[in-house]
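Remarks on the overall topology
Here is what each chain is made of, one letter per residue.
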Amino acid sequence: MSKSRFGSRMLAALLAATTLLVQSTPLTHAATEPEKPAVESEKPADQTKKLEDQFKKQEEAQTEFTDLGNSYASKAVTRLAALHMISGQGENRFNPQNTISRQDIAVLLTKVIGLQPTEIDDAAFEDVPLESPYAPYVYGLSELGVMNGRSEHTMGALDPLTRQELAVMLSRLMKEGAVTKVAGQTPVAYSDEEEFADYAKTAVEEVTNQRWMQGAGGKFNPTGTVTRAEAAVIAERALDARYQQAEQVKYKVDVERLSLAAGTSQRLKVSSIGGDDLPFTPIFAFDRPELGAVSADGTFVAGPTAGKGNLTVTVGYKTTTIPVEIKDAGKPAVEKVEDTPKTTPVTSSNESATKVDESKTVVEGEKPDADTGTTETDATKPADPEEEAKEPAEKDELVNIAPGSYTSVTTFGAPDSYFQELEKQYPGPVGGLVTPTEDWTGYHRQFGRKVTVELDEAKPLERVALTFKQQKTSGITMPEYMEVEVSRDGKVWSYAGRAVHDVSAKEDKLVTRTLSVTLPDVNTRYVRVSFPVKVFTFARQLEVWAKTDSEWNNGAVLLPPPNPAKLEDAKQAGRRVENMLLAYTGEHGELGTWTKEDFLPMVGYRTVDGYMRDQMFDTILFLPYQTIPATKESWTTYMNDLFGSNKQLDALNQAMREYNRLRGTLYSTPTQENVVLALPYPNASQTNFGQLDEKKPSLSFNPAGIGEEQAYQNRKAALEWYFQELMKRWNKEGYAYLKLEGIYWFHELVEDGAPKERQLIRDMGSMVHDEALRYYWIPYFGAPGVSEWKSLYFDKAFLQPSYYSDKPVGIDRIQGVLDVVNKYDMDIEIEGDWKMYNDPKFYQTYYNQLVATHKLGMDKNNVHAYYFGSKTLLESVKSTDPVKRAIYEDTYKWMRGRFDRTEFFEGSEMP
């Protein structure tokens, strides 16, 4: 491999922005195993559409092999094939009993471990020439010390792989990948130990303790060959270990913030907390290229301009943000924020003045252009990109190779035709997002976008950058992050980190940010950039900077595969809530503290014999007890408890991880639990909420003395503060197995006596929708405002039947509930509490509720919320009393539409 010495680089080289239009080749239909590059040919006019269709087919394709039958390897083969890490041998056959060659295992293990294939200058092995598609994989493992040749000049590339050879390779991979080795509980004892080669004895013991390889009949069979089925099973175990490492990696950065004088530099050091080697190569990113740049080894070079930015460090799936401040000759740092254009955006005529009409982000007939907000007719033509690129490119040998490349854009989850039509108003430049112009491309809702770029050929990349803007008055907001993935063949992807920024969601002025991820020694052809979309996201100039030669000198680059939980989240984006459990937390000791063990039988249906058979509640609504005071201190205490360690949200995340483990979906198709969080209610009687600004007095929500308008403004300010803090905490935690679905309005009625109550509810709805979240409400039967719920901006409203009560409410109440639900297009809440276990009246009331709603078809045609007091249903899960246990069982059957009781309970006895 050609490597030049990595040293200090000139600031101009780090900050140069060059462009180069390149001629591209058509998409190669790369096989799972490597194949030779396709012959260049002219691209068709509809190349972008074809590429988009190609990637959709790749993502949706399900590989089926006709010869696996009931093979023990069927699951592993199918999964690895779906990830494009292994392939068949033609005619839909996998040939599981065929032996696997040494060069084939090199490809498989390289992909599993996350080693980035690199180019080489000299072929050390005669049987693996430079032009061999296996060369980047074989020589990559050879350089890493994982795979050695049969002799000085031959690899034995086509030779069958023996079991002890595989054990040695896996042992070396564990070391290079910093996999924690499991100590054996008892000495390894194989009856054929005398057949082990000396070099393999320790390795066999290690892979046996790791349970990556197991013998049969008390023998390890060291010289036996490895079948393709065995290779798939073993590779899947190693892959799962890598997923777990990426998810749980613990590391530290030697600084919490950077403060540099203009023109100086500092290198960040990233290390394992335990002192071991890091399992993955750290990736660095920055959001203000006008202030400086960060190199692949963590060296940050400050530019000549003072200001503040954010440097991001990613290891595995975990990210740390380092605030950066550049100071200039003793002058204070400044934050460059452009003035908002004077052009006033159109707002919806039937909603509040702050709610933007989503079908228009500027005056009708006009298009946003650059940062000025001017119309297309005012736009200034961009300079000749070739003229701009010439001088810097000669200096630092960096070239933006993205222009002219194939691109595809897909949504997170299924696309929405209505939103796509609105999005067409802002198509961006003709050449797509990679075109170096000042034109913005607009993206509307649909959760997020994945933009895939196919480069002309594999090249050593320097960094990937994309520019976004925020213009809140037009409904355009910055995405919270940008993530980058890379792939050599467009099928097997590696996660290459994320970039973030510090632009507040409240910022009203026009702001632009160029999020840039710096790559280490990554020689790749495909780049994918992902970012979330709330309402409107505007982006321009997707750049992929390449070098003529690799300058990396920090060893092999190991990157994790994309997070399977996030992949599944993207597929399920927009999945509607079906069964939502109310979980009260905070105060009340054990009753208000949910643990992993508490949540597990709530998220998954657990049979009497302890098996996790199915999902139970797909959504958890976290809300405080009604007794929570309307004070800043109480709200803060509740929030701190909500995000506490080993309880509440953290416990739910742990429970979902365990649920997926028990269901065998942890690293294949993990299920994520929907979460809905509550806004505490700003009671209008409160006169001393607390200070949001230390320079201002404590807020009063009571109109007496301050007037209705000020009381309304204070209530709104308190809720906005709480919501922003809530979102910061949620985004910081990054729960892998939870998905924030929406926000809940806590009060169960519209309080007509409260200051501008309806306006406040709508304001909160607009705030929630700006975050692309849904707005939920659960009013009681007959509550003021029930008929208005849609005009109050709620996306979903569940009606409490108020039938489960100590008052003499007749069963006809359920029919009344159905009438209201049908009339106002609502859903329903099922109610119960601890009394149904011991009081025949409440036992019968709970069951009669299920019977009535079942008879009326409300168990199959509605979305449901469930109130059980605090953790009440857990008593049924744990009970050995068949009557009590049946409450859990029958509730599950009712949720699944399989509840079969049609007769109401009567009398005074429990069965």
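In this text the structure is predicted, and so the values were computed from the model without any measurement.

Before going further, it helps to spend a moment on the overall build of the chain. The helix and strand inventory of the chain stands at 20 helices and 27 strands. By the burial criterion, 58% of the 911 residues in the chain qualify as buried. Expressed as a percentage of contacts within the chain between residues at least 6 apart in sequence, the contacts between residues at least 24 apart total 77%. Counting every atom, the chain has about 38700 Å² of accessible surface; 48% of that belongs to carbon and sulfur.

This part takes up the sheet that holds strand β24 (residues 774-777). One closed barrel holds the eight strands; their spatial order is β18-β21-β22-β23-β24-β25-β26-β27, and the pairing between them is parallel. If you compare each strand with its neighbour and ignore which way they point, the axes differ by 30 degrees on average. Two strands pair when backbone bridges link them, and strand β25 (residues 796-799) and strand β26 (residues 827-831) are joined in this way by two bridges, in the parallel orientation. Directly across from Leu-799, in β26, lies its bridge partner Ile-828. Packed onto the sheet, helix α13 (residues 632-642) meets β18 (579-585), β21 (619-624) and β22 (673-679) and runs at close to 150 degrees relative to β21.

The tally for this structure, following the rule as stated, stands at 39 aromatic pairs. Here Tyr-243 and Tyr-667 contribute two aromatic rings whose centre-to-centre distance is 5.2 Å and whose plane-to-plane angle is 15 degrees, an arrangement assigned as stacked. Of this pair, Tyr-243 sits in helix α8 (residues 228-248) while Tyr-667 sits in the loop between α14 (648-663) and β22, placing them 424 residues apart in sequence. One exposure class covers both Tyr-243 and Tyr-667, and it is buried. Aromatic side chains Tyr-426 and Phe-538 sit 5.4 Å apart centroid to centroid with 50 degrees between the ring planes, which places their arrangement in the tilted category. With Tyr-426 in the loop between α10 (417-423) and β12 (441-444) and Phe-538 in strand β17 (residues 536-547), this residue pair connects regions lying 112 residues apart in the sequence. The same class applies to Tyr-426 and to Phe-538, which are both buried. Through a chain of ring-to-ring contacts, the aromatic side chains of Phe-617, Tyr-843, Tyr-846, Tyr-847, Tyr-866, Phe-868, Trp-894 and Phe-905 assemble into a single cluster. A cation sits over an aromatic face here: Arg-528 above Trp-493, 4.0 Å from the ring centre. Over the ring of Phe-842 we find Lys-835, and its NZ or CZ is 4.8 Å from the ring centre.

This part covers the pairing of strand β9 (residues 318-327). With four bridges connecting them, strand β2 (residues 258-261) and β9 associate as parallel partners. Bridge pairing links Ser-259 to Glu-325 in β9. With nine bridges connecting them, strand β8 (residues 307-315) and β9 associate as antiparallel partners. Looking at the pairing, Lys-308 lines up with Glu-325 of β9.

All right, on to the nonpolar core then. In this structure, Phe-300, Leu-311, Val-313, Phe-622, Leu-649, Leu-677 and Trp-745 are the most contacted members of the largest nonpolar core, which totals 210 residues. What Val-313 contacts, discounting residues up to four positions off in sequence, is Tyr-251, Val-253, Leu-268, Val-270, Ile-283, Phe-284, Lys-318, Thr-319, Thr-320 and Ile-322.

Where strand β19 (residues 604-606) and strand β20 (residues 612-615) come together, three bridges link them in antiparallel fashion. The residue bridging Arg-606 from the neighbouring strand is Met-612, located in β20.

Confidence in the prediction for the chain averages 84 pLDDT; 84% of positions are at 70 or higher. At the low end of the mean pLDDT range in the chain sits helix α9 (residues 385-396), at 37; at the high end sits strand β5 (residues 283-286), at 98. Taken together, the stretch residues 1-48 has pLDDT below 50 and engages in 126 contacts with residues farther than four places along the chain or on a different chain. Here residues 335-395 scores under 50 on pLDDT; set against residues more than four positions off or in separate chains, the count is 112 contacts.

Each pair of packed helices can be described by the angle between their axes along with the distance between the axes. Viewed as axis vectors pointing N to C, helix α3 (residues 74-82) and α8 meet at an angle of 60 degrees, and their least axial separation amounts to 8 Å. The pairing of α3 with α8 is recorded here as oblique in orientation. The hand of the α3/α8 crossing is left-handed. Packed against α3, whose contacting residues are Lys-75, Ala-76, Val-77, Arg-79 and Leu-80, the element α8 presents Ala-232, Val-233, Ala-235, Glu-236, Leu-239, Asp-240 and Tyr-243 at the interface. Of the residues assigned to the contact of α3 with α8, the class counts are eight nonpolar, no polar and four charged.

On the surface, Asp-121, Asp-122, Glu-397 and Asp-549 cluster together to form a negatively charged patch. One can find Asp-549 in the loop between β17 and α11 (564-571).

Let us now look at the packing of helix α18 (residues 840-855) against helix α20 (residues 882-895). The interhelical angle for the contact between α18 and α20, taken along N-to-C directions, is 20 degrees, at an axis separation of 12 Å. In terms of orientation, α18 lies roughly parallel with respect to α20. Like other packed secondary-structure pairs, α18 and α20 cross with a definite hand, here left-handed. Along the contact surface, α18 presents Tyr-843, Tyr-846, Tyr-847, Leu-850, Thr-853 and His-854, while α20 presents Val-883, Ala-886, Ile-887, Asp-890, Thr-891 and Trp-894. Split into classes, the residues belonging to the contact of α18 with α20 amount to eight nonpolar, three polar and one charged.

Taken together, the three strands give an open sheet; going across it, the order is β3-β7-β6, and neighbouring strands pair in antiparallel fashion. Sheet topology places β3 (265-267) and β6 (292-294) at the edges, where each strand pairs with a single neighbour. Taking the axes of each pair of neighbouring strands and ignoring which way they run, one obtains an average angle of 10 degrees across the sheet. Both β6 and strand β7 (residues 299-302) contribute to a ladder of three bridges, which runs antiparallel. The residue bridging Val-294 from the neighbouring strand is Phe-300, located in β7.

Position of Ser-805 relative to the elements: it lies in the loop between β25 and α17 (812-824). Within the local environment of Ser-805, its side chain forms a polar contact with the backbone nitrogen of Lys-807, the two atoms lying 3.0 Å apart. The residues contacting Ser-805, other than those within four sequence positions of it, are Lys-841, Phe-842 and Thr-845.

Let us look at the environment of Pro-117. Tracing the chain through its elements places Pro-117 in the loop between α4 (102-113) and α5 (135-144). The buried category is assigned to Pro-117, whose relative accessible area is 9%. It is 5.9 Å that separates the C-alpha atoms of Pro-117 and Gly-140, two residues lying 23 residues apart in sequence.

Before going further, it helps to examine the environment of Ala-783. Along the chain, the position of Ala-783 falls in the loop between β24 and β25. Remark: the alpha-carbon pair of Ala-783 and Glu-748, spanning 35 residues in sequence, is separated by 7.3 Å. Aside from chain neighbours lying at most four places away, what touches Ala-783 is Glu-748 and Leu-749.

On to the pattern of salt bridges, then. Applying the stated criterion across every chain yields a total of 40 salt bridges. For Glu-236, the salt bridge goes to Lys-75, with nearest N and O atoms at 3.2 Å. With Glu-236 in helix α8 and Lys-75 in helix α3, this residue pair connects regions lying 161 residues apart in the sequence. Given the relative accessible area of 9%, Glu-236 is considered buried.

Note that Ser-516 resides in strand β16 (residues 511-532). Ser-516 has contacts with Phe-284, Ala-285, Phe-286, Arg-463, Val-464, Ala-465, Met-482 and Ala-499, leaving out every residue within four places of it along the chain.

How each quantity is defined
- Residues numbered from 1 in each chain as written.
- Predicted model: local features only at pLDDT ≥ 70, side-chain atom pairs only at ≥ 80, totals over all residues.
- Heavy atoms only, no water.
- Helix = DSSP H or I, 4+ residues; strand = E, 2+ residues; numbered from the N terminus.
- Buried < 20%, exposed > 50% of the residue type's maximum accessible area, 1.4 Å probe, protein only.
- Contact = heavy atoms within 4.5 Å.
- Areas by Shrake-Rupley, 256 points an atom, 1.4 Å probe, with all protein chains shown as cover.
- Pairing = 2+ DSSP bridges.
- Axes fitted to C-alpha atoms, helices over the stretch in contact; angles between N-to-C directions.
- Phe/Tyr/Trp six-rings, centres within 6.5 Å; stacked < 30°, edge-to-face > 60°.
- Lys NZ or Arg CZ within 6 Å of the ring centre and 35° of its normal.
- Core = buried A, V, L, I, M, F, W, Y, C linked by side-chain atoms within 4.5 Å.
- pLDDT = per-residue confidence, 0-100.
- Parallel < 35°, antiparallel > 145°, perpendicular 65-115°, else oblique.
- Left-handed = near helix turned anticlockwise from the far one by under 90°.
- Nonpolar A, V, L, I, M, F, W, Y, C, P; charged D, E, K, R; others polar.
- Patch = residues over 30% accessible without salt bridge, like charges linked within 9 Å, V, L, I, M, F, W, Y side chains within 5 Å.
- Salt bridge = Lys/Arg side-chain N within 4 Å of Asp/Glu carboxyl O.
- Lys, Arg positive; Asp, Glu negative; His and termini not counted.
- Charge placed at Lys NZ, Arg CZ, Asp CG, Glu CD.
- Polar contact = N/O pair within 3.5 Å; in protein donor to acceptor, adjacent residues only side chain to side chain.

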